[in-house]
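Listed below are the residues making up each chain.
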Amino acid sequence: MKQPIIVPDQIMPKPMPWRNCECMKQPVDLAAKKGTLTWLTEIGETLEEGTVICEGEADKKTVEITAPCSGKLVEKVIDDECVFQAGDILGYIEN
């Protein structure tokens, strides 16, 4: 069964030790901001639930999007360097 990878409304920025300011401790509101996507995995790759599968840059911060379930990445709906926002389906995992 195919499970969608859906962009959440809010997500914490990726920890960056050299940028330890208050702004990095607040979630990025993807319902109000758009981001640019970079895939870290390829179609056909087997993933575990919680594995970081792609990153996005939104509001000058990097966010990590994780696999919602274990399985195989079978489809990418949004390509690298394309814009995304909360609620978008990025791809599908078959489990």
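Let me sum up the structure you'll find in this document. None of these values were measured; they are calculated from a predicted model. (Residues numbered from 1 in each chain as written. Predicted model: local features only at pLDDT ≥ 70, side-chain atom pairs only at ≥ 80, totals over all residues. Heavy atoms only, no water.)

Focus on the side chain of T41
Within the secondary structure, T41 is located in the loop between strand 4 (35-39) and strand 5 (46-47). Within the structure, the side chain of T41 is placed 3.3 Å from the backbone oxygen of I53, a separation counted as a polar contact. Setting aside chain neighbours within four positions, we find T41 in contact with L47, V52, I53, L73 and K76. (Helix = DSSP H or I, 4+ residues; strand = E, 2+ residues; numbered from the N terminus. Polar contact = N/O pair within 3.5 Å; in protein donor to acceptor, adjacent residues only side chain to side chain. Contact = heavy atoms within 4.5 Å.)

Re unusual backbone geometry
Positive phi outside glycine occurs at D59, with the angle close to 55°. Its location among the elements puts D59 in the loop between strand 6 (52-58) and strand 7 (61-66). Using a relative accessible area of 40% as the deciding quantity, one classes D59 as partly exposed. Although it is not a glycine, K60 sits at a positive phi angle of roughly 65°. Here K60 shows up in the loop between strand 6 and strand 7. (Buried < 20%, exposed > 50% of the residue type's maximum accessible area, 1.4 Å probe, protein only.)

Remarks on the pattern of salt bridges
Applying the stated criterion to the full structure yields five salt bridges. As a salt-bridge pair, K61 and D59 come within 3.6 Å of each other at their nearest N and O atoms. Its relative accessible area of 10% is what places K61 among the buried residues. Each of K33, D59 and K61 takes part in one network of salt bridges that share partners. (Salt bridge = Lys/Arg side-chain N within 4 Å of Asp/Glu carboxyl O.)

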